[in-house]
Amino acid sequence: MAFRSSDRSFLRLPEKILSPVRSLAVRIGIALLLVAIVVFAVYIDRDGYRDVDDAGVDLLDAVYYTTVTMTTTGYGDITPVSDSARMVNIVLITPLRVMFLILLVGTTLEVLASQGRERVRLARWRKHMHKHVVVVGYGTKGRSAVSTLLSTGKDADHILVIDPSDQATRQAQADGVASIVGDGSRREVLERAHVADAEKIIITANRDDTAVLVTLTARQLNADAHIIAAVREQSNVHLLRQSGADNVVTSSDSIGRMLAIASINPGLADVLDDLLSPGEGLEVTGRPVHPDEVGRSPKWCSDQVMAVLRGGQRYRFYDDEVASLLPNDTLIVVRDGSRHRPPPE
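Thresholds applied
- Residues numbered from 1 in each chain as written.
- Predicted model: local features only at pLDDT ≥ 70, side-chain atom pairs only at ≥ 80, totals over all residues.
- Heavy atoms only, no water.
- Pairing = 2+ DSSP bridges.
- Helix = DSSP H or I, 4+ residues; strand = E, 2+ residues; numbered from the N terminus.
- Axes fitted to C-alpha atoms, helices over the stretch in contact; angles between N-to-C directions.
- Expected span 1.5 Å × (residues − 1).
- Buried < 20%, exposed > 50% of the residue type's maximum accessible area, 1.4 Å probe, protein only.
- Arc of directions from axis to C-beta.
- Contact = heavy atoms within 4.5 Å.
- Phe/Tyr/Trp six-rings, centres within 6.5 Å; stacked < 30°, edge-to-face > 60°.
- Lys NZ or Arg CZ within 6 Å of the ring centre and 35° of its normal.
- Core = buried A, V, L, I, M, F, W, Y, C linked by side-chain atoms within 4.5 Å.
- Salt bridge = Lys/Arg side-chain N within 4 Å of Asp/Glu carboxyl O.

**Let's talk about the sheet that holds strand β13 (residues 330-336)**
Strand order in this open sheet of four strands is β10-β13-β11-β12, and the pairing throughout is antiparallel. Each edge of the open sheet is held by one strand with a lone partner, namely β10 (282-288) and β12 (313-316). Going from strand to strand, the sheet's axes swing by 30° on average, the running direction of each strand aside. In this structure, strand β11 (residues 304-310) lies alongside β12, joined through four bridges in antiparallel fashion. Residue pairing across strands places Arg310 opposite Gln313, the latter belonging to β12.

Quick look at the structure:
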């Protein structure tokens with residue numbers, strides 16, 4: 001993700017995006033259908049209509065009468081004279097004319113209505129946007145992060161993507177999450193994303209210097225948020241930590257290790273990939289200590305415990321410091337992901 005220095009940024013809320021061509025084609029099709037229905041009705045009862053020269057009405061006259069009537073031009077040179085023709089005008093043609101006119105002004109009405117709906121949605125979003133997750137960058141890493149959050153039960157309404165690419169933010173919108181087109185390293189863009197109220201901030205910039213700048217700015221706006229940043233080079237990890245990142249993931253080294261493991265032991269690589277795929281097969285996740293596990297060893301837990309988080313420190317399950325679990329500990333466990341899928345909405 002390459003950030004560009006621009007002061008312009010705007011918010012996109014998730015919505016179903018329809019093709020403008022398809023929408024226009026549907027409108028035209030409905031309008032033609034309404035015209036065809038009226039032409040058919042007039043032509044079938046053509047003996048009930050008279051022209052100014054007292055001549056009969058043929059197919060061309062029926063089409064002419066339909067167009068001037070549906071558009072409310074109404075020249076009056078062809079008029080219904082029989083009771084049946086007048087009844088058809090009252091019961092059928094008048095309602096169809098109203099529908100036709102609605103179609104003609106439908107685009108304007110739709111624009112006005114959509115603008116009103118968008119204002120209401122933005123107001124609701126700003127009101128409820130707190131304790132949310134901000135994902136800066138929607139490239140491959142950002143999309144994977146959002147996909148994992150959604151698959152583990154995170155509400156899509158509490159995920160916000162920031163990316164300078166219009167295409168990337170439209171993809172985020174199509175994926176069901178709100179997005180902001182803008183440079184995530186700029187303070188005003190982060191403020192628009194309500195970073196000060198965010199619970200977690202995930203930074204997936206393609207450049208390490210950009211990641212450092214985003215981390216510094218985000219930490220200034222929110223001293224309590226948990227910041228996770230991706231870095232390409234191991235030598236830059238300390239810069240991210242000094243900038244305020246709580247967790248730093250070295251993407252290049254991690255990919256390199258996975259490739260080496262796959263070349264040496266393909267089966268082990270499959271297991272690791274399974275562990276990193278939430279919602280199915282093996283799943284690595286964190287959970288609190290159950291009341292009946294307090295005071296016991298991690299080896300006696302119902303799930304396979306890999307590590308214990310206590311007081312901001314990480315301990316392996318066999319370390320003496322966590323031989324007896326405490327109520328406020330967090331367990332990092334391996335479990336059956338299919339048994340812990342979030343319920344469908």
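Next comes the rest of the write-up.
**Quick word on helix α5 (residues 140-151)**
The first and last C-alpha atoms of α5 sit 16 Å apart over 12 residues, in line with the 16 Å expected at 1.5 Å per residue. What α5 keeps buried is the set Gly142, Ala145, Val146 and Leu149. For α5, the angular spread of the buried residues around the axis is 95°, confining them to a single face. Taken together, the buried residues of α5 touch β4 (133-136), β5 (159-163) and β7 (200-203). Just past α5, the residue Gly153 takes up positive phi, approximately 100°.

**A few points about the packing of aromatic side chains**
Per the stated rule, a full pass over the model turns up two aromatic pairs. Ring centres 5.2 Å apart and planes at 80° place the aromatic pair Phe317 and Tyr318 in the edge-to-face group. Using a relative accessible area of 28% as the deciding quantity, one classes Phe317 as partly exposed. Sitting above the plane of the Tyr43 ring, Arg46 keeps its charged end 4.2 Å from the centroid.

**A word on the environment of Gly281**
Mapping Gly281 onto the fold places it in the loop between α11 (266-275) and β10. Relative accessible area serves as the criterion here: at 35%, Gly281 is assigned to the partly exposed category. Through-space distance from the C-alpha of Gly281 to that of Val271 is 9.4 Å; in sequence the pair is 10 residues apart.

**As for unusual backbone geometry**
Phi at Lys131 takes a positive value of approximately 55°, unusual for a residue other than glycine. In this fold, Lys131 is placed in the loop between α4 (106-128) and β4.

**Some points on the nonpolar core**
Core analysis: the biggest nonpolar cluster contains 27 residues, and Ile162, Val195, Ile201, Ile203 and Leu240 have the highest contact counts within it. Every element with two or more residues in this core is listed here: β4, β5, β6 (178-181), α7 (187-192), β7, α8 (208-221), β8 (226-231) and α9 (237-243). For this core, the element with the most residues is α8, which contributes five residues. When near neighbours in sequence (up to four residues on either side) are disregarded, Val195 contacts Val134, Leu190, Ile201, Ala218, Leu221 and Asn222. Counting 15 residues, the second-largest nonpolar core is a separate cluster that includes Tyr65, Ile78, Ala85 and Phe100.

**Focus on the pattern of salt bridges**
This structure, assessed with the given rule, holds 10 salt bridges. Arg170 serves as the salt-bridge partner of Asp166, at 3.0 Å between the closest nitrogen and oxygen. Pair noted here: Asp166 and Arg170 are both in helix α6 (residues 166-174), with a separation of four residues, about one helical turn. Judged by relative accessible area, which is 33%, Asp166 ranks as partly exposed.

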